[in-house]
Amino acid sequence: MNATTFVIPAPPQASIPVAGELKTFPVRRIWCVGRNYLEHIREMGNDERDPPFFFAKHADMLEPDGATIPYPPLTNDLHHEVELIVAMKSGGLNISADRALDHVYGYAVGIDLTRRDLQHAARKKERPWEIGKSFDHCAPCSALQPASRIGHPSKGRIWLSVNGTERQKGNLTELIWSVPEIIWQLSQQVEIGAGDIIMTGTPAGVAAVSPGDRIECGVDGVGTLKISIGKPAG
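Heads up: these notes are all about the structure in this document. (Residues numbered from 1 in each chain as written. Predicted model: local features only at pLDDT ≥ 70, side-chain atom pairs only at ≥ 80, totals over all residues. Heavy atoms only, no water.)

1. Some remarks on the overall build of the protein
Thinking step 1. Tallying secondary structure elements over the protein gives five helices and 17 strands in all.
Thinking step 2. Rg of the C-alpha trace for the protein: 17 Å, near the compact-globule value of 17 Å for 234 residues, within the 12% margin.
Thinking step 3. Counting over 234 residues, the protein shows a buried share of 50%.
Thinking step 4. Considering only contacts within the protein whose residues lie at least 6 apart along the sequence, 74% involve residues at least 24 apart.
Thinking step 5. Here the protein displays about 11500 Å² of accessible surface, and carbon together with sulfur accounts for 52% of that area. (Helix = DSSP H or I, 4+ residues; strand = E, 2+ residues; numbered from the N terminus. Rg over C-alpha atoms; globule rule 2.2 N^0.38 Å. Buried < 20%, exposed > 50% of the residue type's maximum accessible area, 1.4 Å probe, protein only. Contact = heavy atoms within 4.5 Å. Areas by Shrake-Rupley, 256 points an atom, 1.4 Å probe, with all protein chains shown as cover.)

2. Overview of the nonpolar core
Thinking step 1. By size, the foremost hydrophobic cluster in this structure holds 42 residues, and its most contacted members are Y107, I111, I183, I198, I215 and I229.
Thinking step 2. In contact with I111, other than residues within four places in its own chain, are H80, E81, V82, C138, A139, P140, L160, M199, I215, C217, L225 and I227.
Thinking step 3. Counting 19 residues, the second largest nonpolar core, distinct from the first, contains V18, F55, L62 and M199. (Core = buried A, V, L, I, M, F, W, Y, C linked by side-chain atoms within 4.5 Å.)

3. Here's the deal with the side chain of H80
Thinking step 1. Tracing the backbone shows H80 in the loop between β7 (78-79) and β8 (82-88).
Thinking step 2. Residue classification places H80 among the buried positions, given a relative accessible area of 0%.
Thinking step 3. One polar contact links H80 to Q168, side chain to side chain, over a distance of 2.9 Å. (Polar contact = N/O pair within 3.5 Å; in protein donor to acceptor, adjacent residues only side chain to side chain.)

4. Description of the packing of aromatic side chains
Thinking step 1. All chains considered together, the criterion is met by three aromatic pairs.
Thinking step 2. Arranged with centres 5.1 Å apart and planes meeting at 80 degrees, the rings of F53 and W129 form a pair that is edge-to-face. Of the two residues, F53 is situated in strand β4 (residues 53-57) and W129 in the loop between α2 (116-124) and α3 (130-133); the sequence distance between them amounts to 76 residues.
Thinking step 3. According to the relative accessible area criterion, F53 is partly exposed, its value standing at 26%.
Thinking step 4. Ring geometry for F55 versus W129: centroids 5.7 Å apart, planes at 55 degrees, classification tilted. You can see F55 sitting in strand β4 and its partner W129 sitting in the loop between α2 and α3, a full 74 residues away along the chain. (Phe/Tyr/Trp six-rings, centres within 6.5 Å; stacked < 30°, edge-to-face > 60°.)

This is the structure in structure tokens:
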């Protein structure tokens, strides 16, 4: 459909830079995996026997490396969650785990920013998590590294520090569900498409941040991501 047929201007296409390339990766959907590192399940007081589940963020909530993130409204408890991001170049329904990596374009480092107090309040009322997980500027993401360049990381340190103090640390070997298994599970629920990205879960050590905090995080072999927390929005 030609853009001139729209009744209002079309919104810009959300995208992620690709390391070493002039072209960018267009983002269609953001999927997030809940409860995929055992120690994080324990620190949040959840049942470690439960399988992980999926929730979504909107593509226009992405923020690039180096961004200053306004402290969001309605919360007094904004948390950081560092994650390995998987970017899909193709997809489908019911993708088998042994073919899942054929659909992966590359990998990045992301932060699932979370309004923890609102998430917990929604959970107590048995309401969706969206108010706690999906809000403006809540998905900072580093540049993508193509799998053709770095392969498919299945081990390596994942970490996050605030103002130079390490808070989160883990290893990709600690993922309860591996990347191929995550893709397999998600593709049973929805048809994965080119441009989808998946945030694969966070290790233990999540904690609150405040305006003025500087966050740095990374995944060995993939890259690093730096952001700052700014003054409250508005």
